[in-house]
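So you can see what is in the structure, the chains are spelled out below.
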Protein chains: 2
Amino acid sequence: MMGPRFTDLVASLPATVPFVGPETQERARGEEFAARLGANENVFGPSPRAVAAMKRAASEVWKYGDPENHDLRAALAAHHGIPAENIVVGEGIDALLGYLVRMVVAPGDPVVTSEGAYPTFNFHVAGYGGELIKVPFKGDHEDPVALIEAALAHEPKLIYLANPDNPMGTWLPAPVIQATINAVPDGSLLVLDEAYLEFAPEDTAPPLDVGDERVIRFRTFSKAYGMAGARVGYGIAATPLIAAFNKVRNHFAMNRISQAGALEALADQRYLGQTIANVATARARIAGIAEQNGLSVVPSATNFVAIDCGADGDFARLVLAALVRRGIFVRMPWVAPQDRCIRISAGTEEDLDLFAAFLPEALAEAAGG
Amino acid sequence: MMGPRFTDLVASLPATVPFVGPETQERARGEEFAARLGANENVFGPSPRAVAAMKRAASEVWKYGDPENHDLRAALAAHHGIPAENIVVGEGIDALLGYLVRMVVAPGDPVVTSEGAYPTFNFHVAGYGGELIKVPFKGDHEDPVALIEAALAHEPKLIYLANPDNPMGTWLPAPVIQATINAVPDGSLLVLDEAYLEFAPEDTAPPLDVGDERVIRFRTFSKAYGMAGARVGYGIAATPLIAAFNKVRNHFAMNRISQAGALEALADQRYLGQTIANVATARARIAGIAEQNGLSVVPSATNFVAIDCGADGDFARLVLAALVRRGIFVRMPWVAPQDRCIRISAGTEEDLDLFAAFLPEALAEAAGG
């Protein structure tokens, strides 16, 4: 009995799981976190209209979801003023990134990203045998010039760029993004991850141009629409690329409840506006808490704020550990010099009261005081 | 602007979409189906406890689901009397089949299945470049002897066997399945799809043996638990194979609402018993309707019944088309001689009243009467 024979590629992949959820930490702690501020979730939640739609859909969940996501794609098309043929809906951006990588990355193919950028993208690239070429951040921003230089040198299948960025929350203005799209070498595809775009200032995103075969843009209902646990993301790109997703995607993967919820969430733009205001208030509060502790923050166009702990990564890791011990779930960037920061999601007033109460203790403990 | 460069494999895949959902047909018809009896969905739906849990979870959906599916795996482990380490939970069996095929099938690798068996498995095998070797059904059953003979001849990475079977609804007794497992050649893995098992007689499934590296067994909340649109499936296998899923799976793919619903659905075994009784009643009704029309049915251990229309595939396709035109959504097997049948999901009394009313017309129309 020798068991299954894995492919050489899969046999070579590490068995470690790089994704530790807050529930895992809670089980290890033996109690729930008092404030959940680490996963860039949006505590302000979905529109009440979306919640009502999901509750209605719960008793209809004996039906499979529509594999074409017709109604949601039509609504997104109307919302963005583009044809539905240029939109693919999937079970979160993570799943769509996986399908995209699978479609273009063969073992050994180069892919360009930034050191410290979104790790799930890297997980997919490694999972299909791609070779990751990483360029450093520049001043806490992803560096589009360095990304393009690396692309010209390596002719990668994909170039990953998040705007706004995770984990720093910084953003690049639309003209810089458009110039980056324009500089994509022939045969490369820019993966423009705009998961946090709704939180960002006007003129962060260049206009959608669905005829442009050099870029695919990803959006989600997980962040500004407050539906992370519902798994609804979408991609916008030229028709041939969107059509190709049908070759590999899991056609019946979409949750019927989520389809119904996303449709109503999109329709309730007034609630979205309230959420964006709530998040802006929370960001300002986080900046205020940082200032009260003699710290500064990195300006953010997302629903989280990176607080510069004022020293190196070892110090920030001590601060983070002290917060986690006190029941405040936070995370932090994982490469220097960004790892001088801890990353705090926009929380409720109560969440941030707790954070404000415990941060001084955590800083003192980290300083050995 | 040349666009992205697809891998040779993906470039070679057909662009056609083999999955047409009932909603697509409804849009083409311009009205909804009066009875939805084609997708093997379970109209009796989830337990009210599961519905209540999903409604509660809807307002908590701003949180990601637990990527480890800890609570659901623990509950499934207790239910089946096996360790949680032998269970992988995923976004439906379809997704888990995709991950499994990806883990073992490299381009050119042989895979054995039955002609006319579950097409999504074939979609995944083709999508990773595997070579499908198909053996015919035998007397409307999948033929385990032929599957093993093909496996001995071709040394496939995977051997697919559904018990009970889709699309015929037939089943093999546990001793035959155990003998098949025992005959799996070294280096092959039996994919035992037990999606419909809860509807089947006792002694359809051999006991779970989580030390046996020759088999992975798939179960789901889509069928007997009535939660197709929630996308929750699971696999049971030896620890090394279950652990390997972590190398490739989309760790945050599980819907938080679905996790909550599945947990309660599993806990409500009394409701499951009612559903199984309801389905048995509906199966008997379908057999009665067939008999009233001078037709016979294939004995079924699932929540659907194949009605033998008494002639060839062309005739059955005419019957099906006539039913669909009358607002009755049904499907049928796609290879001869099984395509002499149409396949009717266990419906409500009202659904089956409609079916009973329209079947004589459909048969007459197909006969040119």
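Residues numbered from 1 in each chain as written. Chains lettered and ligands numbered in written order. Predicted model: local features only at pLDDT ≥ 70, side-chain atom pairs only at ≥ 80, totals over all residues.

With an RMSD of 0.0 Å, the operation that places chain A on chain B is a rotation of 180° combined with a shift of 0.0 Å along the axis. In short, the pair behaves as if placed about a two-fold rotation axis. Considering only C-alpha atoms, the part of chain A nearest the rotation axis is K55 of chain A, at 2.4 Å. Comparing interface residues between copies, 100% of those in chain A also sit at the interface in chain B, which points to an isologous, same-surface contact. (Least-squares fit on C-alpha atoms with pLDDT ≥ 70 in both. Contact = placed C-beta atoms within 7 Å.)

With 250 residues, the main nonpolar core has M54 and M227 of chain A together with M54 and M227 of chain B as its most contacted residues. Each residue touching M54 of chain B, except ones within four places of it in the same chain, is listed here: A58, V61 and I257 of chain A together with I257, A260 and G261 of chain B. (Core = buried A, V, L, I, M, F, W, Y, C linked by C-beta atoms within 7 Å. Buried ≥ 20, exposed ≤ 12 C-beta atoms within 10 Å, placed from the backbone.)

Here we come to unusual backbone geometry. Residue and element names in this part refer to chain A. Between N163 and the following residue, P164, the backbone shows a cis peptide bond with an omega angle of -5°. Turning to its location among the elements, P164 is positioned in the loop between β5 (158–162) and α8 (174–182). Phi angles above zero are rare outside glycine, and N69 is one such case at about 50°. Relative to the helices and strands, N69 resides in the loop between α3 (48–58) and α4 (70–80). At D140, a residue that is not glycine, the phi angle is positive and equals roughly 70°. Considering the arrangement of structural elements, one finds D140 in the loop between β4 (131–135) and α7 (144–154). For D140, a count of 19 C-beta atoms within 10 Å gives the class partly exposed. (Helix = DSSP H or I, 4+ residues; strand = E, 2+ residues; numbered from the N terminus.)

With that settled, consider the domain arrangement of chain A. Residues and elements named next belong to chain A. Under the domain assignment, chain A is made up of domain 1 (8–45 + 270–366) and domain 2 (62–268). Placing the centre of domain 1 and that of domain 2 at their C-alpha centroids yields a distance of 24 Å. Tallying the contact residues gives 28 residues for domain 1 and 29 residues for domain 2. Of all the secondary structure elements, the ones that give two or more residues to the side of domain 1 that touches domain 2 are α11 (269–292) and β10 (304–308). A per-element tally of the side of domain 1 that touches domain 2 places α11 first, with six residues. (Domains from an automatic or database assignment.)

Residues and elements named next belong to chain A. For V112, the position within the fold is in strand β3 (residues 110–114). Judged by the 28 C-beta atoms lying within 10 Å of it, V112 falls in the buried class. V112 sits 48 residues away from Y64 along the chain, and the two C-alpha atoms are 37 Å apart. If we skip the residues at most four places from it in the chain, V112 touches I133, L147, A150, A151, H154, P156 and I159.

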